Amino acid sequence: MENLMGLLRVHIQRGVNLAVRDVRSSDPYVFIKMGKQKLKTRVVKKNINPEWNEDLTLSITDPIIPINLFVYDKDTFSLDDKMGDAEFEIGAFLEAIKFRMKNIPENVPSGTIISKVQPNRLNCLAEESHIIWMDGKVVQNMVLRLRNVECGEVELQLQWIEVPGSRGL
């Protein structure tokens, strides 16, 4: 608990135009990994545009460690097929939260953009990512372009959860 900074809720919203790995479709699920932590969503059957709308929660002790995201096609009689991967970092998101704690009054309108992260060669962003003030919280919306695959994106949202007794940000 002494090393814990807080929790990161990763809301896996949906996949868009994912690769076909079975005859006409795929049975995708998302697997995220940060350090030794590994979490996964449920499988959505026969869908290359799945809606997961699932929360996966990571314990953050070192904000420098990147988060790896993998999409797989669930197979019954063989190993699951890879459908791409992506990597993202949470440094800009945590900086925006620190900034908010010092500088943003509580009466800021919901939907106000605090910061933006541009796509570049070093990240997997498919488009500009907005860190916004939403309903009294700082959240970051991301669209990640999958690597090592012919097509596909995953949309997700990050939210920070303070843990009483943790060292915090």
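Residues numbered from 1 in each chain as written. Predicted model: local features only at pLDDT ≥ 70, side-chain atom pairs only at ≥ 80, totals over all residues. Heavy atoms only, no water.

The protein chain has the name C2 domain-containing protein in an unreviewed UniProt entry, where Carya illinoinensis is given as its organism. Here the protein chain is described in UniProt, under the heading Subcellular location (unreviewed entry), as follows: "Membrane". (UniProt positions renumbered as here; feature names shortened; annotations may be inferred.)

> I'm lost on the overall build of the protein chain in this one. Help?
Looking only at helices and strands, the protein chain has one helix and 10 strands in total. In terms of C-alpha radius of gyration, the protein chain reaches 17 Å, essentially the compact-globule figure of 15 Å for 169 residues. Its C-alpha atoms give the protein chain principal-axis dimensions of roughly 55 × 35 × 30 Å. Sorting the 169 residues of the protein chain into buried and exposed places 43% on the buried side. (Helix = DSSP H or I, 4+ residues; strand = E, 2+ residues; numbered from the N terminus. Rg over C-alpha atoms; globule rule 2.2 N^0.38 Å. Buried < 20%, exposed > 50% of the residue type's maximum accessible area, 1.4 Å probe, protein only.)

> Please clarify how the sheet that holds strand β2 (residues 28–34) should be interpreted in this entry.
Note: strands within a sheet are paired through backbone hydrogen bonds, in either parallel or antiparallel orientation. Judged by pairing direction, the sheet is antiparallel, and its four strands sit side by side in the order β3-β2-β5-β6 without closing on themselves. Of all the strands in the sheet, the pair left with one neighbour each is β3 (37–40) and β6 (81–88). Taken pair by pair, the neighbouring strands of this sheet meet at an average axis angle of 20°, ignoring direction. Two elements, strand β5 (residues 67–73) and β6, share six bridges in a ladder whose sense is antiparallel. Pairing of Y72 across the sheet is with K82, part of β6. (Pairing = 2+ DSSP bridges. Axes fitted to C-alpha atoms, helices over the stretch in contact; angles between N-to-C directions.)

> I'm lost on the pairing of strand β9 (residues 137–145) in this one. Help?
Regular strands place their side chains on alternate faces of the sheet. When strand β8 (residues 129–134) meets β9, the two strands line up antiparallel, connected through five bridges. Looking across to β9, one finds that H130 is bridged to N141. Hairpin connection, β8 to β9: the antiparallel pair is bridged by two residues, and D135 has positive phi, about 50°. Here seven bridges tie β9 to strand β10 (residues 153–161), and the two strands are oriented antiparallel to one another. Residue pairing across strands places N141 opposite Q157, the latter belonging to β10.

> Explain the sheet that holds β9 to me, please; I cannot follow it from the model alone.
Strand order in the open sheet made by the six strands is β4-β1-β10-β9-β8-β7, with antiparallel pairing throughout. Strands at the two margins of the open sheet, each flanked by one partner only, are β4 (51–60) and β7 (112–117). With direction set aside, neighbouring strand axes in the sheet form an average angle of 25°. With eight bridges joining them, strand β1 (residues 6–16) and β4 adopt antiparallel strand pairing. When the sheet's bridge partners are listed, R14 is paired in β4 with E51.

> Help me out: how do you make sense of unusual backbone geometry in this one?
Most peptide bonds take the trans form, and the phi angle of most residues other than glycine is negative. Residues other than glycine seldom take positive phi values, yet N17 does so here, at roughly 55°. Structurally, N17 is set in the loop between β1 and β2. Classification of N17 as partly exposed rests on a relative accessible area of 43%. For K46, which is not a glycine, the phi torsion comes out positive at approximately 45°. Looking at the element boundaries, K46 is found in the loop between β3 and β4.

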